[in-house]
Amino acid sequence: MANKLNILFLSAEVAPFAKTGGLGDVGGSLPKALHQLGHDVRVVMPAYANIEAGYPGVTPMPGHLTVPMGIGPLTAGVFQGQLPNSDVPIYFIAEQHLFNRPEIYGYHDDPYRFAFFSRAALELTVALDWRPDIVHAHDWHTAPAITWLATAGKHHPHLHQMPTIFTIHNLAHQGRTSWDIFRYLGIVTHSLVEEGYGEVNFMARGIYHATLINTVSPTYAIEIMSPEGGAGLDGLLRYRHYDLHGILNGLDYDVWNPATDTRLASNYDAEHLENRIHNRRALQARANLPQQDGIPLVAMVSRLDWQKGLDITGHVIHLLLNGFAGEAQFVLLGTGAAVYEEMFAQLASYHRDKMTAFLDYNAGLSALIYAGSDIFIMPSRFEPCGLGQLIAMRYGSVPVVRATGGLADTVHDGVTGFTFYEYSADAFWHALQRAIYVFNTDKESWQILQRNGMTADFSWNRSALSYQQLYEWAIARVRGW
Ligand code: ADP
Ligand code: GLC
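Residues numbered from 1 in each chain as written. Chains lettered and ligands numbered in written order. Predicted model: local features only at pLDDT ≥ 70, side-chain atom pairs only at ≥ 80, totals over all residues. Heavy atoms only, no water.

## Describing the site of ligand 2
Taken together, 14 residues form the shell around ligand 2, and within it His169, Asn249, Gln307, Glu383 and Gly386 come nearest. A distance of 3.0 Å separates an oxygen atom of ligand 2 from a polar side-chain atom of Gln307. If ligand 2 stood free it would expose 310 Å²; the protein chains cover 94% of that surface. When residues of the shell around ligand 2 are assigned to their parent elements, the largest contribution, 3 residues, is made by helix H1 (residues 22–36). Classifying every residue of the shell around ligand 2 gives 6 nonpolar, 6 polar and 2 charged. Residues lining the shell around ligand 2 come from more than one domain, with at least three contributed by each of domain 1 (6–250 + 461–479) and domain 2 (273–456). (Near = heavy atom within 4 Å. Polar contact = N/O pair within 3.5 Å; in protein donor to acceptor, adjacent residues only side chain to side chain. Areas by Shrake-Rupley, 256 points an atom, 1.4 Å probe, with all protein chains shown as cover. Helix = DSSP H or I, 4+ residues; strand = E, 2+ residues; numbered from the N terminus. Nonpolar A, V, L, I, M, F, W, Y, C, P; charged D, E, K, R; others polar. Domains from an automatic or database assignment.)

Here it is in structure tokens:
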């Protein structure tokens, strides 16, 4: 085995404690896979309202943490627990005024909230007298930790010369704020080309300061170096292209396993696909749709965000439910932008007997949808990795996806799903029609598609080794070989 490493893992979301999307899935599963490789991984996230309210297995640590900010010392509480089904320690930074709120994001002071969190998480390692060999930060929320380590923290007695990895999960959210945040953090530095006058861009900072950078699929790593995919940071990413890697996400097989998932009406595996019918009927009952067996049941589980290709989806669902590809049903589970919530609500009321829109966040229902649907659609405009399609394949729902980012790397046309390239309703509709044609006319081929997806390896095994390799390279870069 490689050397045992102390890994400090920082994320704004860690499932099951907090999750709005795939970042939470990764935060809850990659640390367990690294732990299985023999490393000492410690996860730190903010103590949101559900932790403050009392979470089973999570306890307050005695005393409090003093965090030396640029504006003077601030204090924080710390809660402690473990990732489920593991003994990976997780710490929660508690600050009533910053994190004890109804939502995880969406506040005007988000940059300050996560800057404080990032700095406090580093200080926690001093309090624990545990020096990380590597600090692994995810998305802009934790980039302040990398920025601080590369500037003010450079000569810190405990944290100096710290190798860092910055993982980009989504370039669309960059954490832009005013330069005052550096006074708050106690950082003196120069501005980046990517930052407007008086502006700090934490996504850019993570990319600029980290020892090595990665994103969550090989294709997205290439796409973000182009002006179309770079969200204004492609120049900076090209500048660092030797240090930019693409590592596919895996799934937590403890959570996502149709043979053991207790949220389903019936468990099954690739050899017992006939049991899926019970999940389909349970889903139809839950969605108040007619219990028709033979027709394609199409589904979507998604954040309702511009990224997810919802404008082309509206047209395609209308064609589908008007019967242009024969009889079909559609179920949506999602929350997000009001315009898309309204679009799906109206489509559902128009196609009342064929479609249901659950405008909600519900992990249990999502599992039943993956297990009870035939076709899972993900026509994303861009998609860094995507976990929805991986879960769908694992549960035997055949994905129809746009071949972008991680979707292009994980769904293979005619083998595990159906893909299209052009971002248009027309291209999407043709791919969906191809899927429905096979579903309606060739049950044997359909089952092969299902089994190919269900038996493909989407575990963390391979990717955790790639992260280990990245850590070793980063450490070698800082300390010398
Ligand atoms: P993103 O991170 O961009 O949202 P991913 O496909 O990587 O996209 O991850 C989405 C994750 O969030 C999946 O685990 C999916 O099942 C889950 N999810 C999205 N919307 C909902 C919802 N409304 N209810 C339950 N789970 C959801
Ligand atoms: C982001 C991306 C998604 C990815 C997830 C986890 O939310 O939108 O594609 O799977 O992060 O890396």
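## Topic: helix H7 (residues 202–209)
Of all the 8 residues making up H7, 7 are buried; the element is thus mostly covered by neighbouring parts of the structure. Two to three positions downstream of the cap, the backbone nitrogen of Met203 sits 3.1 Å from a side-chain oxygen, assigning the N-cap of H7 to Asn201. (Buried < 20%, exposed > 50% of the residue type's maximum accessible area, 1.4 Å probe, protein only.)

## Considering the layout of surface pockets
Here the second largest pocket defines a volume of roughly 360 Å³. Ranked by residues supplied to the lining of the second largest pocket, first place goes to H1 with 4 residues. Among the residues forming the lining of the second largest pocket, the class breakdown is 8 nonpolar, 4 polar and 5 charged. (1 Å grid on protein atoms, 1.4 Å probe; cavity = no way out; pocket = protein on both sides within 12 Å on 5 of 7 lines; lining within 4 Å. Points joined across faces, edges and corners; volume = space filled by probe spheres on them.)

## Structural notes on helix H13 (residues 363–372)
For the α-helix, the turn length of 3.6 residues means that residues three or four positions removed from each other point alike. Judged by how many residues are buried, H13 sits mostly within the fold: 8 of 10 residues are covered. Every buried residue of H13 is listed here: Leu365, Ser366, Ala367, Leu368, Ile369, Tyr370, Ala371 and Gly372. For H13, the elements touching its buried residues are helix H10 (276–286), strand S13 (297–304), strand S14 (329–336), strand S15 (355–358), strand S16 (375–378) and helix H14 (388–394). Measuring from the side-chain oxygen of the N-cap residue of H13 to the backbone nitrogen of Gly364 gives 3.1 Å; that N-cap residue is Asn362. (Contact = heavy atoms within 4.5 Å.)

## A few points about unusual backbone geometry
Following Ala15, the chain continues into Pro16 via a peptide bond in cis, with omega recorded as 5 degrees. On the secondary structure map, Pro16 appears in the loop between strand S1 (6–10) and H1. Not every positive phi belongs to a glycine, and Gln161 is a case in point at roughly 55 degrees. Mapped onto the elements of the fold, Gln161 is located in the loop between helix H5 (139–150) and strand S8 (164–168).

## Here's the deal with the domain arrangement of the chain
Per the domain assignment, the segments making up the chain are domain 1 (6–250 + 461–479) and domain 2 (273–456). Just the C-alpha atoms count here: the centres of domain 1 and domain 2 sit 33 Å apart. Each partner contributes to the interface: domain 1 provides 17 residues, whereas domain 2 provides 15 residues. When domain 1 packs against domain 2, the two sides together hide about 1200 Å² of surface, and 59% of this comes from carbon and sulfur. Its largest share of buried area at the contact with domain 2, domain 1 owes to Thr219, Tyr220 and Leu248, together 27% of the area lost on that side. Our count for the contact surface shared by domain 1 and domain 2 stands at 0 salt bridges. Applying the counting rule to domain 1 against domain 2 returns 6 residue pairs in polar contact (both at pLDDT 80 or more). (Buried area = accessible area lost by both parts, 1.4 Å probe. Salt bridge = Lys/Arg side-chain N within 4 Å of Asp/Glu carboxyl O.)

## Overview of the pairing of strand S2 (residues 40–46)
The element S2 is extensively covered by neighbouring structure, given that 7 of its 7 residues are classed as buried. Here S2 shows a buried face lined by Asp40, Arg42, Val44 and Pro46 and a second buried face lined by Val41, Val43 and Met45. Two elements, S1 and S2, share 5 bridges in a ladder whose sense is parallel. Residue pairing for S2: Ile7 is matched across the bridge by Val41. Regarding topology, H1 serves as the crossover connection from S1 to the parallel S2, and that connection is right-handed. (Pairing = 2+ DSSP bridges. Right-handed = clockwise from strand over helix to strand, strands pointing away.)

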